[in-house]
Amino acid sequence: KRLVPYRDSSLTRLLKDALGGNSITVMIACLGPRDSACEENCQTLRYASLAKSISNRVVVNADPRTQLIQKLQAEVKSLREQLLRSQRMMQLGRGLPSSSSSSS
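Everything numeric here is computed off the predicted structure, so don't read it as measured data.

(A) Main features of the overall build of the protein chain. A count of helices and strands for the protein chain gives five helices and zero strands. The secondary structure elements of the protein chain, listed N-terminal to C-terminal, are α-α-α-α-α. Considering only residue pairs separated by 6 or more positions, the protein chain has 56% of its internal contacts joining residues 24 or more positions apart. Surface summary for the protein chain: the accessible area is close to 9600 Å², and the carbon and sulfur share equals 56%.

In structure tokens, the structure reads:
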């Protein structure tokens, strides 16, 4: 039997979403206690060792529409706050006596 590189392994293909995705993966290597399973145990341990060394860059899974909605909601909130501040400033301005009425 020859060693199949982990990238070409059918097990890797089955686990590609778990091994290459944005998830935490736990690998359990099951070994047989018999002497006749020694070669298979060694291959299992080699595979587990290679799979353990796989590292990925974490990417946030986000729908572009959801991102746009969140951006627009933040903009609406900001504009509402700006409008409220402007309305308060105008109300404060009306409450002050005008300079022409105080001098007459």
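(B) Representation of helix α3 (residues 38-52) within the structure. Across its 15 residues, α3 extends 21 Å between first and last C-alpha, which sits within 8% of the 21 Å expected from 1.5 Å per residue. Restricting attention to buried positions, one finds in α3 the residues Asn41, Gln43, Tyr47, Ala48 and Ala51. Axial view of α3: buried residues confined to an arc of 165°, hence all on one face.

Reading the values: rules and limits
- Residues numbered from 1 in each chain as written.
- Predicted model: local features only at pLDDT ≥ 70, side-chain atom pairs only at ≥ 80, totals over all residues.
- Heavy atoms only, no water.
- Helix = DSSP H or I, 4+ residues; strand = E, 2+ residues; numbered from the N terminus.
- Contact = heavy atoms within 4.5 Å.
- Areas by Shrake-Rupley, 256 points an atom, 1.4 Å probe, with all protein chains shown as cover.
- Expected span 1.5 Å × (residues − 1).
- Buried < 20%, exposed > 50% of the residue type's maximum accessible area, 1.4 Å probe, protein only.
- Arc of directions from axis to C-beta.

Take it as geometry only, folks, not as evidence of what the structure does.
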